[in-house]
Amino acid sequence: MRYYRRCFNRSISSFTSNTIMAEEFNSSATATAPLRTKKSSSLWPSALRWIPSSTDHIIDAEKRLLSIVKTPYTQEHVNIGTGPPGSKVRWFRSASNEPRYINTVTFESNKESPTLVMVHGYAAAQGFFFRNFDALTKHFRVIAIDQLGWGGSSRPDFTCKSTEETEAWFIDSLEEWRKAKNLDNFVLLGHSFGGYIAAKYALKHPERVQHLILVGSAGFTSETDHKPEWLTKFRATWKGALANHLWESNFTPMKVLRGLGPWGPNLVRKYTSARFGEGDMLNEEEAKLLTDYIYHTLAAKASGELCLKYIFSFGAFAKSPLLQRASEWKVPTTFIYGFQDWMNYQGAVDARKNMPVPCEIIRVPKAGHFVFLDNANGFHSAVLHACRRFLSSDPNSYPLSEGVISI
């Protein structure tokens, strides 16, 4: 989400000043090594040719990124059919009868271990958890998915017209995936927008979720609950009015990235370096492979990204906030936030007051919104602590590591 806002501001600026765009790409922009085009007899200079992307490119980039992971895994496209049983409208809102699939990676582990299903956030995919798989598979059977319309999953035309339809797109596709994988119940972890979807799934199918882990979750407060002063002032400016118009028009930063062609990978490289160059800094190989992966997941066909205007109002405030449904919670929940997370943990504090189930809020130092990348060890400590009752008969097992706090 922070990436979205940053790109949105850059997009607005490009409407008003070609100079800014020129400065952004004043160096020679070349793709990272894996981002290569096929040989062509085109008369266009190679620097001006578009960088291709597709599901195949995404899966190839995923394999390169996950080559860093030492634990063996299997990758599969899980068929989820054409829609939920009995539905008159196909949940992917498409005229096509073509079955859809969810890209899934499953890591080898002890068959007796509890199952942990990991769901990524907006403008991301399951490969963002690459730093966590080895550590977590020592304790769980880890399954990570790309949500419908993201990553290496199917990217059907997005034609939802309401918040209810849009939520159904993600929740129902996740449930059909669960059925296809023959999972009875599991620990469900969601990050940011994925946390919102995980929470909504748990509200609809509580019998399937043993424990809910929400990492920097979006969607707890509405604009009426909490409107920051900066947003009010920004909306009063012409830039704010334009930004709000672009938001409601479903203009996404991915559209800018696609339009930049050969300069797109360089923009992603700058973002990766700026955002993940702090904390547990990415080494050169990790940075290159993550850049490659991010580029292909964002530059492929628009699909799930178009959900944003139906789920959130401008400023990332939920149109159907989770805070309003806190009293309906049926699944024990752990919230995890980085100390520097731009997502305010106060929403979780307010929700906990009305939750009729056990609820814990854990904060991890030296970490922002991508806590699992910024401070992987602290994140692992928080997850193991959250799931200690599934991992050991000793209630005092898996204490939080130094600096990680429960509030």
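Given the structure is predicted, the values throughout are model-derived calculations rather than measurements.

The rules we used
- Residues numbered from 1 in each chain as written.
- Predicted model: local features only at pLDDT ≥ 70, side-chain atom pairs only at ≥ 80, totals over all residues.
- Heavy atoms only, no water.
- Salt bridge = Lys/Arg side-chain N within 4 Å of Asp/Glu carboxyl O.
- Helix = DSSP H or I, 4+ residues; strand = E, 2+ residues; numbered from the N terminus.
- Buried < 20%, exposed > 50% of the residue type's maximum accessible area, 1.4 Å probe, protein only.
- Contact = heavy atoms within 4.5 Å.
- Pairing = 2+ DSSP bridges.
- Axes fitted to C-alpha atoms, helices over the stretch in contact; angles between N-to-C directions.

Peer 1: Where do I start with the pattern of salt bridges in this structure?
Peer 2: Any two side chains of opposite charge can pair, so long as their charged atoms come close to each other. Summed over all chains, the structure comprises 15 salt bridges. Its salt-bridge partner being E207, residue R208 comes within 3.9 Å of it at the nearest N-O pair. Here the residues in one salt-bridge network are D184, E207 and R208, joined through shared partners.

Peer 1: How should the environment of E164 be read in this particular structure?
Peer 2: Mapped onto the secondary structure, E164 falls in helix 5 (residues 163–181). Judged by its relative accessible area of 68%, E164 falls in the exposed class. For the pair E164 and Y310, spaced 146 residues apart in sequence, the C-alpha separation works out to 8.5 Å.

Peer 1: Sorry, what's going on with the environment of V371 here?
Peer 2: Here V371 lies in helix 14 (residues 371–374). Those residues in contact with V371 that lie beyond four places of it in its chain are V215, I336, G338, V364, A376 and F379.

Peer 1: Please clarify how the sheet that holds strand 1 (residues 73–81) should be interpreted in this entry.
Peer 2: Backbone-to-backbone hydrogen bonds pair the strands of a sheet. The strands run either parallel or antiparallel. Spatially, the 9 strands line up as an open sheet ordered 1-2-4-3-5-6-9-10-11, and their pairing is mixed. At either margin of the open sheet sits one strand with a lone partner, and together these are strand 1 and strand 11 (405–406). Both strand 3 (residues 115–119) and strand 4 (residues 141–145) contribute to a ladder of 5 bridges, which runs parallel. Bridge pairing links M118 to A144 in strand 4. On top of the sheet, helix 5 reaches strand 1, strand 2 (100–107), strand 3, strand 4 and strand 5 (186–191); it is set at about 115° to strand 1, its chief contact. Sheet strands touched by helix 15 (residues 376–386): strand 5, strand 6 (209–215), strand 9 (333–338) and strand 10 (359–364). Its angle to strand 10, the strand with the most contacts, is close to 165°.

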